[in-house]
Amino acid sequence: MGKTANILPALFFLGLTVSAQKKPLDHTVYDSWQRIGERMISNDGRWMVYSIDPQEGDNELVIQSTDTTYRRTIPRGYNAEITEDSRFVIFRIKPLFTDTREAKIKKKKPEELPKDSLAIAELGKDSIWKLARVKSYKTPEKEAGWVAYQLEKAVEKKEPVVKSPGSPDKKISDSLSKVIDSLQQVIRSIPQKKKKSRDGQDVNTGYEDAEGDEPGGITADAGTDLVVRNLLGGQEKTFSNVVEYYFSRKGGRLLIEQAKNPKDSLSKPMVTLYDLTTAKAIVLSRGGNEFKNFSFSEDGEQLAFIAERDARPKELQKFYRIWYYKTGMDSAVLLADKSTVGMKLGMTISEFGAVSFSKSGRRLFFGTAPIQPPKDTTLVETDLVKLDIWHYKDDYLQPQQLFNLQRLLQTSYLAVYHLDKKELKQLGSEELPTVYQTGEGDGDQFVGVTDFGKRVEAQWTGRTKKDIYAINVNDGTRKLVKSDLQGLITPQYISPAGKYIMWYDSRARHYFAWDGSTIRNISQQIRFPLWNEDNDTPEDPPPYGIMGWQEGDSAVYVYDRYDVWRLSPGGHAAVVNVTKTGRALKDAYRYLRLDPDELFLKNKQAVSFRFLNEVSKNSGIRTANLGDGAPLLYTQFSGPYAVGPVVKAVNAPGLIYTKESYIHSPDLYFDNGLFAIQGSDGSMNRRETSIQLSFLNPRQQDYNWGSAELYKWKAFNGKMAEGVLYKPENFDPAKKYPLLLYFYETHSNTLHSYIPPSPTGSRLNISFFVSRGYVVFSPDIHYTTGHPAKSCYDYVVSAAQQLAKQKWIDAKNIGIQGQSWGGIQVAQLVTMTNMFKAAWAGAPVANMTSAYGGIRWESGLNRQFQYEKSQSRIGATLWEKPELYMENSPLFHLPKVKTPLVIMANDADGAVPWYQGIELFTAMRRLGKQVWMLNYNGEGHNLRERKNQKDISIREQQYFDWLLKGEKPPKWITEGVPAVKKGREWGLELVN
């Protein structure tokens, strides 16, 4: 008894010692910090394959049985795929990260960089088949036993030839040289053909092929070898000069596009179909310039593609055609072109339109586009005027048009070819550009949506009104169903068989359905809001959305804030609350669509819901059978954590998913999903629990980490508020800690989210600062239209004042950080209070009056909608409420600032123009305020280059440590870095 009493205190103090000795995170830990990357489960639920990826460096691919009796790790494996029969896993293996990095440093050509290998492993066995220098691989989507892989271009071996000066070979070489010289003299004496250059001048082109058979576009890529491998027997067949290849989803076919053999002047490009079962190949098309958009029917018995076969290489107009093949034919035949009956005058087959078959194979869909006039080559390049004309009637502003230019040039409109009737019908057009299919392409009624003629107002509304049409697929006629919709309609809103067209009306805030003759409000019986209850922007609140349709178009399921409701689109049945308890328990249910091929829900189907409790922030998965009545929900698992992506086995109940909390990184778990429905009440019994498969970041235990908790307080507006409070792992309430507040809209639902230590592209890396002795608070902010600055003040400053009263907060050392919308909030707050000792604003808007009419260069959109309807929340035009724009612009209040401020404003920012940062910086500089601006050249709104992310992470730590911890400042803070020292000095060294 006495020994036990002595041991326990010793262990307790040992624990304290270990905790006290834990290191704070530093900038060297980033690269090796791990996460789960790709993950998959075999169709039979017995095997999992997943990758463990570091932030930078070499990853691992793990092959593991779901019963955890087998585990195999392959260094650098990725791009894995488990075969349909759950027998093999195929994957690629990257070269060593250091080898690739070294090659890039030496600026080697792409073909000289280290290449991937291909690997095939039989699940449960240790042997692995490998092959070096593989470019890509593919397997059939719904069939097993085959893989096709394409090799990299063969490496040419150049062996040095050393000859003595007087060798016979040298004499032969000399004589050949003389012959070549004489031939060149003859060639130079022959008059050469002349050709006009772009500027109209005559240029010599040398000899042209007498037949005009110059290499077409496809020969620019001579292709490489493609190998088709039987996974069971190991037999292989090789095809040369392959450019592209595609498996049929079913049916055992492989389509191969081959380029002209550069070593054979008589060869031609061709398209070949290889039958995997008979090992026979059929040439579908021989000769031509370009083949693309290959598509198989569902059963693999038909295929179609687009080809251009007639134009000379430099012809200014090229016309594409649809080619078609069906099992039993000798080759592909021409199906449709610009002259086909049914093609609109002035239209042609689009090379950019997708080609696809309907589910039954009776219809073929493709895109058409207006015939473009040939380019005028008589224009002299040096005389061309470079000009953009902005016109007030344009649908889109010039910057948006230019940003989307490539997409606009590739726009096509849906057409259908009825294979049974041999008829072409045009369904879409410039006036009706969007057409949604029904019945997997076999429906009789499609849906067209257009905003044609209504697009200008998107400049200030951010969205457009829509007209909805019902399209008769058989004859191409249209019927107007709804005009000027302010709301939402997407493919998900249309019943799978096409019987109903549904939409959400933002003004009425209800769902409506059209049954072919009548429009009904189908959600009016629901007394709870179906729209976002927390919406605090000036625009109409969006709906919570749709879960899906029931088989036979008999019902549609929609969400409110918490629950799922079943609606009758035909108005034949009352609405039903499917989940029942969501609002009472504050559990928000959202359907987990575990079958990627699912088109509709079946009656009595087993369904799974992810849920999040609004109060505790706990989450989990609940399962039920979707019966005629409301299902009894069974909790599969739940707890104080966040659940990541969920993947289900196709032919078994097993699930894999990630689970995380602030103190546990997202590890992978397997749950066999076994439960039994027992008794007349539908109660369920669980048979087995979930199993943890991965154990990432074991080194986290060596570092001082932290904790996360909900913190609630009363904001200045009198409302209760909440946020997430992060404390160091070795938190001591007797000590005083500097406080950092990081904010952007709301964050409390991320209470259980893991925050890895990583270099930041914009935001505060919370776990890093917490580890280093800071308390960090992330408050939720709720806004009032017209007064976003005051709203932010009400929540952030009230939270700071409440926390400052805690004995463990150093009230004299509080800082704030935000990016983008959070950045402007930071810039606003320093004009409204002096309680913060340090501030950091990333990509802030300084002046709403100058930003209001500007362009978001990442998209070409005008910024007006953002202020009137969206995040900036002014709710009025600049000329209607100029005082609000000034009230919420920090630029007009800068004389009040006493807080030092760092600004990040990058010169390639496409969301917030960097001149906003310049306005803020130059004004504060003139006023004699302490201000710094970081411009990462060529970077956008958030830093993308890892080297820049690491750099700003160091500077952010140095800045807050200097002002909030009293540490020595670096030179970039005290002296700056002059332009003449740019690239040679970075100013990161601390001042003595």
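Quick caveat: nothing in here was measured; it's all calculated off a predicted structure.

**Q** What am I meant to see in the overall build of the protein here?
**A** Helix and strand content of the protein: 16 helices and 58 strands. For the protein, contacts bridging at least 24 residues in sequence account for 55% of all contacts bridging at least 6. For the protein, the accessible surface area stands at approximately 48,600 Å², while carbon and sulfur atoms represent 51% of it.

**Q** Could you clarify how one ought to interpret the sheet that holds strand β35 (residues 546-549) in this entry?
**A** Two strands in a sheet stick together by hydrogen bonds in their backbones, pointing the same way (parallel) or opposite ways (antiparallel). Spatial ordering of the open sheet is given by β35-β36-β37-β38, a layout of 4 strands whose pairing is antiparallel. Edge strands, defined here as strands with exactly one partner in the open sheet, are β35 and β38 (576-577). Inspection of the sheet shows strand β36 (residues 556-559) paired to strand β37 (residues 564-567) by 4 bridges, in the antiparallel sense. Directly across from valine 558, in β37, lies its bridge partner tryptophan 565.

**Q** What exactly am I supposed to notice about the packing of aromatic side chains here?
**A** Within a pair of aromatic rings, the relevant descriptors are the distance that separates the centres and the angle that separates the planes. In this structure the tally under the stated criterion is 41 aromatic pairs. With centroids separated by 5.6 Å and ring planes inclined at 40°, the aromatic side chains of phenylalanine 716 and tyrosine 793 adopt a geometry described as tilted. Taken together, the residues span a long stretch of sequence, with phenylalanine 716 in the loop between β49 (706-714) and β50 (720-728) and tyrosine 793 in helix α9 (residues 788-804) at a distance of 77 residues. When the ring of tryptophan 840 is compared with that of phenylalanine 960, the centres are 6.4 Å apart and the planes differ by 40°; the resulting orientation is tilted.

**Q** Please explain helix α10 (residues 821-829) as it appears in this structure.
**A** Residues three or four positions apart in an α-helix share a direction because the helix packs 3.6 residues into each turn. For α10, the tally of buried residues reaches 9 of 9 residues, placing the bulk of the element in the interior. Buried residues of α10: Trp821, Gly822, Gly823, Ile824, Gln825, Val826, Ala827, Gln828 and Leu829, and no others. As for α10, its buried residues are in contact with α9, β53 (809-819), β54 (838-842), α11 (848-851), β57 (901-904) and α14 (915-926).

**Q** Sorry if this is basic, but what is going on with the layout of surface pockets here?
**A** Which parts of space are left empty comes out when a probe the size of a water molecule is rolled across the atoms. The space that makes up the second largest pocket amounts to roughly 1,500 Å³. For the second largest pocket, the lining is made up of 46 residues, of which Leu594, Asp595, Pro596, Asp597 and Val650 are closest to its centre. Element by element, the count of residues in the lining of the second largest pocket is highest for strand β40 (residues 605-613), at 4 residues. Each residue belonging to the lining of the second largest pocket can be placed in one class, and the counts come to 21 nonpolar, 10 polar and 15 charged.

**Q** Mind showing me how you'd approach empty space enclosed by the protein here?
**A** Evaluation of the coordinates by the stated rule reveals 1 cavity of 30 Å³ or more. Each pocket or cavity is described by its volume, and for the largest cavity that value is around 30 Å³. If you go around the largest cavity, the residues you meet are Tyr30, Ser758, Thr760, Asn765, Phe768, Phe769, Ser953 and Glu956. Mapped by element, the contributors of at least two residues to the lining of the largest cavity are α8 (766-771) and α15 (946-965). The residue inventory of the lining of the largest cavity, partitioned by class, reads 3 nonpolar, 4 polar and 1 charged.

**Q** Before we go on, may I ask you to explain the pattern of salt bridges in this structure?
**A** Pairing between side chains of opposite charge can happen when the charged atoms of each approach one another. Enumeration over the complete set of coordinates arrives at 50 salt bridges. A salt bridge links glutamate 729 to lysine 22, with the shortest nitrogen-to-oxygen separation between them at 2.7 Å. Highlighted residues: glutamate 729 in the loop between β50 and β51 (737-742) and lysine 22 in the loop between α1 (2-20) and β1 (34-41), separated in sequence by 707 residues. Connected through salt bridges with shared partners, the residues Glu141, Lys142, Arg249, Lys250, Glu298, Lys359, Glu440 and Asp597 form a single ionic network.

**Q** How should I be thinking about the nonpolar core in this particular structure?
**A** Buried together is how nonpolar side chains tend to be arranged in soluble globular proteins. In terms of nonpolar packing, the biggest core is built from 52 residues, with Leu741, Phe743, Phe777, Ile816 and Phe836 touching the most fellow members. When residues of this core are assigned to their parent elements, the largest contribution, 7 residues, is made by α9. Discounting residues that sit within four places of it in the chain, phenylalanine 777 has contacts with Tyr711, Trp713, Gly723, Val724, Leu725, Leu739, Leu740, Leu741, Tyr742, Ala799 and Leu803. In this structure, Tyr742, Tyr774, Phe960 and Ile973 belong to the second largest nonpolar core, which totals 37 residues.

**Q** Is there a simple way to think about the pairing of strand β14 (residues 236-247) in this case?
**A** As a general feature of sheets, a regular strand has side chains that alternate between the two faces. For strand β13 (residues 224-230) and β14, the ladder comprises 5 bridges, and the chain directions are antiparallel. The residue bridging threonine 224 from the neighbouring strand is valine 242, located in β14. Linking β13 back to β14 in an antiparallel pair, the connection comprises 5 residues, with glycine 234 at a positive phi of about 85°. Pairing geometry for β14 and strand β15 (residues 253-258), over 5 bridges, is antiparallel. For valine 242, the partnering residue across the bridge sits in β15 and is glutamine 258. Linking β14 to β15, which pair antiparallel, is a turn of 5 residues; within it glycine 251 sits at a positive phi near 100°.

Calculation criteria
- Residues numbered from 1 in each chain as written.
- Predicted model: local features only at pLDDT ≥ 70, side-chain atom pairs only at ≥ 80, totals over all residues.
- Heavy atoms only, no water.
- Helix = DSSP H or I, 4+ residues; strand = E, 2+ residues; numbered from the N terminus.
- Contact = heavy atoms within 4.5 Å.
- Areas by Shrake-Rupley, 256 points an atom, 1.4 Å probe, with all protein chains shown as cover.
- Pairing = 2+ DSSP bridges.
- Phe/Tyr/Trp six-rings, centres within 6.5 Å; stacked < 30°, edge-to-face > 60°.
- Buried < 20%, exposed > 50% of the residue type's maximum accessible area, 1.4 Å probe, protein only.
- 1 Å grid on protein atoms, 1.4 Å probe; cavity = no way out; pocket = protein on both sides within 12 Å on 5 of 7 lines; lining within 4 Å.
- Points joined across faces, edges and corners; volume = space filled by probe spheres on them.
- Nonpolar A, V, L, I, M, F, W, Y, C, P; charged D, E, K, R; others polar.
- Salt bridge = Lys/Arg side-chain N within 4 Å of Asp/Glu carboxyl O.
- Core = buried A, V, L, I, M, F, W, Y, C linked by side-chain atoms within 4.5 Å.

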